[in-house]
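Chain and residue survey
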Amino acid sequence: MKVPKKVILLLKIVLVLAFYYGLYLLSKDHFSQLADLDTSHIDIRYVPFAAALLLVFPNWLLEAVKWKISLRPGEEITLSGSIMGVLKGIPPSLFTPNRVGEAIGRPSVLHKGHRLSGALATAYCGFSQMPVMMLCGVLSCIYFSCMDVEFTHTTFLTKWWFILIGVAATAVLLLFFIFPQHAIPFVKNSEKSEGLRKRLSFFCNYSYREKFRLLGVSSARFLVYSIQNYLTILSLGINIGLLDGMMSVFMIYALMSFVPRPALAELGVRCSATVLVLKDYSADYTLPTISSIILWTINLLFPAICGAVLYFIGKKAKKVA
């Protein structure tokens, strides 16, 4: 039985409205404080702000390089094509947990027959960032533990038992990334799990050289957007040294990684994590919150707008053709 188009359209509208209502419930506590922000005393330092703004392009360029490497088993693509795919993947990622929508948006620049492999390559590309982020989070936990710094309501972050768990988790992620073939025997051989086994088999198509290149580019990109975060914090007049600042940023990303969220809700989570980590360096929550808003805007919102424009230009070109 064919479902009428009007019913499908109605269902889509209901799902979108339900999503936004759920997103509102998820984020309202984080954003309720924004109305009380006092920005009258803020004195922006333009040099670190301009430097953070200039790093937006290297940030997404490195992501495009990483995606280009990950596509090798399915399709070769130019760097300009990879940049376009990465930008097109940002808008759908805004509405999905942990940006899994990138696996829908990015492959749109590939040939139709390669879009499934493109989605799998996108997943592997994103996975390459996880061991790097986890390792840096562990390093920040060790640093603050040695400095006898404790975080309110999350004192476990500087406990050695938690650090050991982090080290073990990092090792497991790294081993799974480098040796995915060893995970296949642990997946039950049945019709229901056949899809998962095929995905794992696809991940075995990468050479060790390509895997370490992905890890290297992921490390460079993580360093770039961590420096961006630190420069944004400095631009608002929060006085924090380079080492303390970078370790604080690593901790912020470690805290964010525990919370599955759509990118639209990421701002609220980022604000909460930044306020928590930087509470000892700022008189109130105003400056950490605004630094999170600025970074989210320049690093995600503006590129998402560019991606949406590219998507609609592509749609229009197809109709003309």
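We now turn to the structure provided with this report. (Residues numbered from 1 in each chain as written. Predicted model: local features only at pLDDT ≥ 70, side-chain atom pairs only at ≥ 80, totals over all residues. Heavy atoms only, no water.)

Turning next to the overall build of the chain. Check the secondary structure of the chain and you find 13 helices and zero strands. Reading the secondary structure of the chain in the N-to-C direction produces α-α-α-α-α-α-α-α-α-α-α-α-α. Looking at the chain as a whole, 44% of its 321 residues qualify as buried. Put simply, 71% of the contacts in the chain that link residues at least 6 apart link residues at least 24 apart. (Helix = DSSP H or I, 4+ residues; strand = E, 2+ residues; numbered from the N terminus. Buried < 20%, exposed > 50% of the residue type's maximum accessible area, 1.4 Å probe, protein only. Contact = heavy atoms within 4.5 Å.)

Before going further, it helps to examine the packing of aromatic side chains. Overall, the coordinates contain 14 aromatic pairs when judged by the stated rule. Between the aromatic rings of Phe127 and Phe176, the centroid separation amounts to 5.5 Å while the plane-to-plane angle is 85°, which identifies the pairing as edge-to-face. A residue pair is termed long-range when its members are at least 10 positions apart, and Phe127 in helix H6 (residues 115–127) and Phe176 in helix H8 (residues 160–178) qualify at 49 residues. Between the aromatic rings of Phe202 and Tyr206, the centroid separation amounts to 6.1 Å while the plane-to-plane angle is 90°, which identifies the pairing as edge-to-face. An identical accessibility class is assigned to Phe202 and Tyr206; each is buried. Among the aromatic residues, those joined into a ring-pair cluster are Tyr124, Phe127, Phe176, Phe177, Phe202, Phe203 and Tyr206. The ring centre of Trp60 lies 4.8 Å from the NZ or CZ of Arg221, which sits over that ring. (Phe/Tyr/Trp six-rings, centres within 6.5 Å; stacked < 30°, edge-to-face > 60°. Lys NZ or Arg CZ within 6 Å of the ring centre and 35° of its normal.)

Close approach of charged atoms lets side chains of opposite charge pair. Scanning all chains against the criterion turns up five salt bridges. The shortest N-O distance in the salt bridge between Glu63 and Arg221 comes to 3.1 Å. In this pair, Glu63 is assigned in helix H3 (residues 56–70) and Arg221 in helix H10 (residues 208–235), connecting sequence segments 158 residues apart. Side by side, Glu63 and Arg221 carry an identical accessibility label, which is buried. Arg72 is the salt-bridge partner of Glu210, the closest N and O atoms lying 2.6 Å from each other. Taken together, the positions of Glu210 in helix H10 and Arg72 in the loop between H3 and helix H4 (79–93) put the pair 138 residues apart, joining distant regions of the chain. (Salt bridge = Lys/Arg side-chain N within 4 Å of Asp/Glu carboxyl O.)

Attention shifts here to the nonpolar core. Core analysis: the biggest nonpolar cluster contains 35 residues, and Phe222, Met251 and Tyr253 have the highest contact counts within it. The set of elements that each furnish at least two residues to this core consists of helix H7 (129–146), H8, H10, helix H11 (242–257), helix H12 (263–277) and helix H13 (286–320). With nine residues, the top contributor of residues to this core is H11. Residue contacts for Tyr253: discarding those within four places in its chain leaves Met133, Phe222, Tyr225, Ser226, Asn229, Arg270 and Leu295. (Core = buried A, V, L, I, M, F, W, Y, C linked by side-chain atoms within 4.5 Å.)

Attention now goes to the packing of H7 against H8. Between H7 and H8, whose axes approach to 9 Å, the crossing angle comes to 160°. By the angle class used here, H7 and H8 are roughly antiparallel. In the packing of H7 onto H8, the handedness of the crossing is left-handed. Taking contact as the criterion, the partners of Met130, Pro131, Met134, Leu135, Val138, Cys141, Ile142 and Ser145 in H7 are, on H8, Trp160, Phe162, Ile163, Gly166, Val167, Ala169, Thr170, Leu173 and Leu174. Tallied by class, residues from the contact of H7 with H8 come to 14 nonpolar, three polar and no charged. (Axes fitted to C-alpha atoms, helices over the stretch in contact; angles between N-to-C directions. Parallel < 35°, antiparallel > 145°, perpendicular 65-115°, else oblique. Left-handed = near helix turned anticlockwise from the far one by under 90°. Nonpolar A, V, L, I, M, F, W, Y, C, P; charged D, E, K, R; others polar.)

Bringing a nonpolar patch on the surface into the picture now. Taken together, the side chains of Leu301, Phe302, Ile305, Val309 and Ile313 present a nonpolar region at the surface, about 440 Å² in accessible area. Here Leu301 shows up in helix H13. (Patch = residues over 30% accessible without salt bridge, like charges linked within 9 Å, V, L, I, M, F, W, Y side chains within 5 Å. Areas by Shrake-Rupley, 256 points an atom, 1.4 Å probe, with all protein chains shown as cover.)

Attention shifts here to the environment of His114. Secondary-structure assignment places His114 in the loop between helix H5 (102–105) and H6. Along the backbone, His114 and Gly74 are 40 residues apart, and their C-alpha atoms lie at a distance of 6.2 Å. Leaving out residues up to four positions away in the same chain, His114 has contacts with Gly74 and Glu75.

Our focus in this paragraph is the packing of H7 against H10. The contact between H7 and H10 brings their axes to 9 Å, and the two run at 50°. Classified by the angle their axes make, H7 and H10 are oblique. In the crossing of H7 with H10, the sense of the turn from one axis to the other is right-handed. Contacts between H7 and H10 involve Gln129, Val132, Met133 and Cys136 from the first element and Leu215, Ser218, Ser219, Arg221, Phe222 and Tyr225 from the second. Within the contact of H7 with H10, the residues separate by chemical class into six nonpolar, three polar and one charged.

Turning our eyes to something else, we now look at H4. Residues lying three or four places apart along an α-helix face the same way, a consequence of the helix completing one turn every 3.6 residues. With 15 residues, H4 should cover 21 Å at 1.5 Å per step; its first-to-last C-alpha distance of 21 Å lies within 8% of that length. Along H4, the residues classified as buried are Gly81, Ser82, Gly85, Val86, Leu87, Lys88, Gly89, Ile90, Pro91 and Ser93. (Expected span 1.5 Å × (residues − 1).)

This brings us to the environment of Lys68. Residue position: Lys68 is located in helix H3. Separated by 11 residues in the primary sequence, Lys68 and Leu79 place their C-alpha atoms 6.8 Å from one another. Setting aside chain neighbours within four positions, we find Lys68 in contact with Ile77, Thr78, Leu79 and Ser82.

As a further point, take the side chain of Ser235. Along the polypeptide, Ser235 turns up in helix H10. Residues contacting Ser235, with those up to four places away along its chain left out, are Asp43, Ile44, Arg45, Pro48 and Phe49.

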